Amino acid sequence: MYKTKKTVTRIILICSFVFFTILLQAAKNKPFGLMTDLIEHTDRIWQNGYASNIFVWQTDGAIEALQYAQIRSTHPSLSWIVPGETKGTRQIAYHIILADTYSEAVAGRGTVWDSGLIDSDQSTAVPYWGTELKKDKCYFWRVKCVTNTEGESEWSDVKAFRTASALSDYAATSYPQVKSMEYPISVTAVTTGTYVADFGKDAFSQLLLTLTSLSDTDTVLVHLGECMSGSRVDRNPGGTIRYHSYPLVLLKGTYTYRIKIAKDKQNTRSAAILMPGYVGEVLPFRYCEIEGYASPLLSGAISREHVHYPFDTTASSFQCSNDTLNQIWNMCKYSIQATSFTGMYVDGDRERIPYEADALINQLCHYSVEREYSMARRTHEYLLQYPTWPTEWILQAVLIAWNDYMYTGDSRSLKVNYNILKARTLMQLREKNGMISTTQNLQTPEFLFSINRPGEKIRDIVDWPHTGILGLNKHEGGEADGFVFTDYNTVTNAYHYEALKLMGKIAKALDLKYDASFFEEEANMFLIRFNKMFFNPKLGYYVDGDTTNHASLHANMFPVAFGMVPSGRMNKVMEFIQTRGMACSVYGSQFLMDAIYESGNADYGLHMLTKTDDRGWYNMIRVGSTISLEAWDNKYKPNQDWNHAWGAAPANIIPRKVIGVEPLIPGYGLVRIKPQLGSLKWAKSTIPTIKGKIQLAIENKTEKFSMKVVLPANMEAEVYLPLPFGKYEIYNNGTFVKATKVKGEPFLYVGMITSGTHEITMYIK
């Protein structure tokens, strides 16, 4: 009898194991990461910043104020991650259903739309082409796909979304701002009745306190700040580094108090992005000091609500053999989450205004640390309507638009905004010499209207701040490396070339053949004129303008970053760039680092990323900030704030250039992997893409360079390795690979790899 029971138990355990194995395999063999109009969590509800237990189809009867991502398009785009770990897995067909009830979707019935089986490898930005969706209504969709290796998948989980109260054929959508409850990492009694709490990191937050009083007459003083002075919160930190104080009259007994953050006049002006009512006003602070509190401080008495855009901290990672670079990565990644508090990319807490330069850097950083694209698009389309004043930043709109397309594969924003993007190339400012200028009376009312700046002229900026403004005296020099402004400036015209080049690609993506040919030809001809006018053959590098022999870092780094320098001139130009060091702002450093890695100078790039003087990212950590600064140090911009994402360029430079992963075709169907580790001994990284995570683990030894690459399904990659000194042999998963040298670059082209796991090893003799 005992043996029979034991046998039955074994059978049950085996059957259970088989059953759960089948379930696990089924879970692996279905699409996931479903997005509607670039939003993944369309089914979720937030209640005044906190994720709720109910979903968008369960809101009937709710009396609370609820928030969710509202789909505003009558024909949204749909994206998913293709399942499959088998090497070379590609989608060859898909099938989508859309229903108006959850039960119908679960049953596999597309009561609103059934695409049928579509032969296609497209898994990002797939258009819904059914009847127009209705406003203020819930819909439910699922997808299954067929791959070349694993056949037909299971249906995905059901993804719900709710439409907005007003719809158009295309409109970008976004998440509501959310809150994370956080507690101090330490609370210290600095004197009797005075406590200082350290939350570990700066964050745009609101404060909650649970305090006890034995009378109705007790008052405490609450100090909030971004930095310390000795053992107390700094009452006078200078610049726009934040400090607030609030008196709090206590009630008799134990109560929880919410500190009402005071409104700031400067960052709530008409051009600022205001906090929504369901969140309320916020303040960036790391430290909280409670002064004059007589009772014992209870455990958990101090907490804050950190306000930010939804952010998956597990979506990306980076570690390497250089601890300084690890610290810089962590700070810059966190900066992208922390500065997302308004739901748009803004220039920090001082103004809370979107600017194109901030948006461009923030966009690349956000794409590099998370599978999230809606905030960048929302900011970009806002700036198309409300542009700022610098010439170069007007031109940056085209760069931002192209990045949006490359990382998402969704061309709808390009199509809807095509005419204004054309105007942003600034061809209307062309002079007879073929260059653009803002000083030659070409800024007509018609021109200004075309770029959405009626009555407000634009002017060249090069970098920021300039000499003699914002607390900078003339002897302090500004951040433009002494750039000499002329009627025809090298930096402005370099941007013009990049805009022309990308506008041709945009036109081609939209199948506008005439425009594509026109812009491509214009870019090619302009490049010849540019090099003839601004390159000084006697010096061997570029000068600032047409009537000066002064050569700045900026006049050279932008042409390199935009691929404008002929290969025969690159060495001389880069030699000059290296003599200038970090003679640019934290904004300019984005393009300097792009230029350095574009030229293949990995060792110099690593040096610039990790240097520890007061003009480097480590200085931001050393001065006590946990979010990237607006400037390298307070002395270089005395009114700076300590929460500026345009100072977080390493968040994108490390994945894009050090690890070397960038999309080559829209939507990440094809990527380039081109690591430039320099002297790093090892590095490993997880990089999010709209098609899934790319994982790399690299070892960089004298005798061997090895790289383990895991590509998600439906993706391929071009692989490059650094050109070694001496002879070499390369193997991919044990199979010999014949590599070819890249002309004019210190790289070997190893060839194409498909999805799955690849162990690429180069033995160096």
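Residues numbered from 1 in each chain as written. Predicted model: local features only at pLDDT ≥ 70, side-chain atom pairs only at ≥ 80, totals over all residues. Heavy atoms only, no water.

## Considerations on the pattern of salt bridges
Convention followed: Salt-bridge detection follows one rule: a side-chain nitrogen of Lys or Arg within 4 Å of a carboxyl oxygen of Asp or Glu. For helices the rule is a DSSP run of H or I covering at least 4 residues; for strands it is a run of E covering at least 2, with both sets numbered from the N terminus onward.
One pass over the full model with this rule turns up 40 salt bridges. Here R232 makes a salt bridge to E291, at a shortest N to O gap of 3.6 Å. Of this pair, R232 sits in strand β17 (residues 232–233) while E291 sits in strand β20 (residues 283–291), and the two are 59 residues apart along the sequence. Because the salt bridges share partners, they merge into one network encompassing D37, R377, D404, D410 and R412.

## Brief notes about the pairing of strand β5 (residues 77–81)
Under the convention used in this document: Relative accessibility under 20% of the residue-type maximum defines a buried residue, over 50% an exposed one, and the middle range a partly exposed one, all with a 1.4 Å probe and only protein chains included. The pairing criterion for strands is at least two bridges between them, as found by DSSP.
Of all 5 residues that make up β5, 5 are buried, and the element is covered over most of its length. The two faces of β5 match: S77, S79 and I81 on one face and L78 and W80 on the other face are all buried. Sheet topology note: the strand β1 (residues 32–36)/β5 ladder contains 3 bridges and is antiparallel. Paired with T36 across the bridge in β5 is L78.

## Considerations on the sheet that holds β1
Ordered by their spatial adjacency, 3 strands build an open sheet running β1-β5-β8, and the pairing between neighbours is antiparallel. What marks the edges here is a single partner per strand, and that holds for β1 and β8 (126–127).

## A word on the packing of helix α4 (residues 356–369) against helix α17 (residues 650–658)
For clarity, the cut-off: To get an axis, fit a line to the C-alpha atoms, keeping to the stretch in contact for a helix; angles then go from 0 to 180 degrees between the N-to-C directions. Comment on the angle field: the value is read as roughly parallel under 35 degrees, roughly antiparallel over 145, roughly perpendicular from 65 to 115, and oblique elsewhere. For any pair of crossing helices, the crossing counts as left-handed if the nearer helix is rotated counterclockwise from the farther one by less than a right angle, and right-handed if it is rotated clockwise. Any pair of residues with heavy atoms lying within 4.5 Å of one another is described as a contacting pair. Each residue is assigned to one of three groups, with Ala, Val, Leu, Ile, Met, Phe, Trp, Tyr, Cys and Pro labelled nonpolar, Asp, Glu, Lys and Arg labelled charged, and all others, Gly among them, labelled polar.
It is at 8 Å that the axes of α4 and α17 come closest, and there the two elements cross at 55°. Judged by the inter-axis angle, α4 sits oblique to α17. Between α4 and α17 lies a crossing of left-handed hand. Taking contact as the criterion, the partners of I361, L364, C365, S368 and V369 in α4 are, on α17, A651, N652, P655 and R656. When the residues that make up the contact of α4 with α17 are grouped by side-chain class, the tally is 6 nonpolar, 2 polar and 1 charged.

## With respect to the environment of S552
The condition is simple: Contacts described as polar in this section are N or O atom pairs within 3.5 Å, which, within protein, must combine one atom able to donate a hydrogen with one able to accept it, while residues neighboring in sequence count only if both atoms come from side chains.
Here S552 is to be found in the loop between β24 (541–542) and α12 (553–561). For S552, a relative accessible area of 0% translates into the label buried. For the pair formed by S552 and L664, sequence separation is 112 residues and the distance between their alpha carbons is 31 Å. Setting aside residues up to four positions removed in sequence, S552 forms contacts with A480, D481, F483, D544 and F576. Polar contacts involving the side chain of S552 include one to the side chain of D544, which spans 2.8 Å.

## Thoughts on the layout of surface pockets
We apply this condition: Both site types are read off a 1 Å grid over the protein atoms alone. A 1.4 Å probe that fits but cannot get out defines a cavity, while an open set with protein on both sides within 12 Å along at least five of seven lines defines a pocket; lining residues have an atom within 4 Å of a point. Grid points are joined across faces, edges and corners, and a volume is the space filled by probe spheres set on the points.
Here the largest pocket defines a volume of roughly 1400 Å³. What lines the largest pocket is a set of 48 residues, and nearest its centre among them are A561, G563, E598, K657 and R672. Broken down by secondary-structure element, the contributors of at least two residues to the lining of the largest pocket are α4, α6 (391–408), α10 (490–509), α12, α13 (570–580), α14 (586–598), α17 and β25 (661–663). In terms of residue count, the dominant contributor to the lining of the largest pocket is α10 (6 residues).

## Observations concerning unusual backbone geometry
Most of the time, phi is negative for any residue but glycine, and the peptide bond is trans. In this structure, P465 follows W464 across a cis peptide bond, with omega equal to 0°. Here P465 is to be found in the loop between α9 (445–450) and α10. For Y668, which is not glycine, the phi torsion reads 65° and is therefore positive. Structurally, Y668 can be placed in the loop between β25 and β26 (670–673). Judged by relative accessible area, Y668 falls into the buried class, the value being 2%. Phi is positive for N714, close to 70°, though the residue is something other than glycine. Examined against the element boundaries, N714 turns out to sit in the loop between β29 (704–711) and β30 (716–722). For N714, a relative accessible area of 1% translates into the label buried.

## With respect to the environment of S755
Structurally, the position occupied by S755 is in the loop between β34 (747–753) and β35 (756–764). Separated by 40 residues in the primary sequence, S755 and M715 place their C-alpha atoms 5.6 Å from one another. Engagement of the side chain of S755 in a polar contact is seen with the backbone nitrogen of T89, the distance being 2.9 Å.

## Regarding the packing of aromatic side chains
So the rule is basically this: Stacked, edge-to-face and tilted labels apply to pairs of Phe, Tyr and Trp rings (six-membered ring for Trp) whose centres lie within 6.5 Å, assigned for plane angles under 30 degrees, over 60, and everything in between, in that order. Look at NZ for Lys and CZ for Arg. If either is within 6 Å of the ring centre and within 35 degrees of the ring normal, a charge sits over the ring.
The final tally for this structure, using the stated rule, is 43 aromatic pairs. The interplanar angle of 15° and the centroid separation of 4.0 Å between the aromatic rings of Y541 and F576 together place this pair among those described as stacked. With a gap of 35 residues between them, Y541 in strand β24 and F576 in helix α13 connect regions that are remote in the sequence. The pair Y541 / F576 is uniform in exposure class, with both members buried. A network of ring pairs unites the aromatic residues Y355, W393, Y495, F558, F562, Y587, F591 and W646 as a single cluster. One Lys or Arg, R459, reaches over the ring of W389 and ends 3.9 Å from the middle of that ring. A cation over an aromatic ring shows up here: R569 above the ring of F535, its NZ or CZ 4.0 Å from the ring centre.

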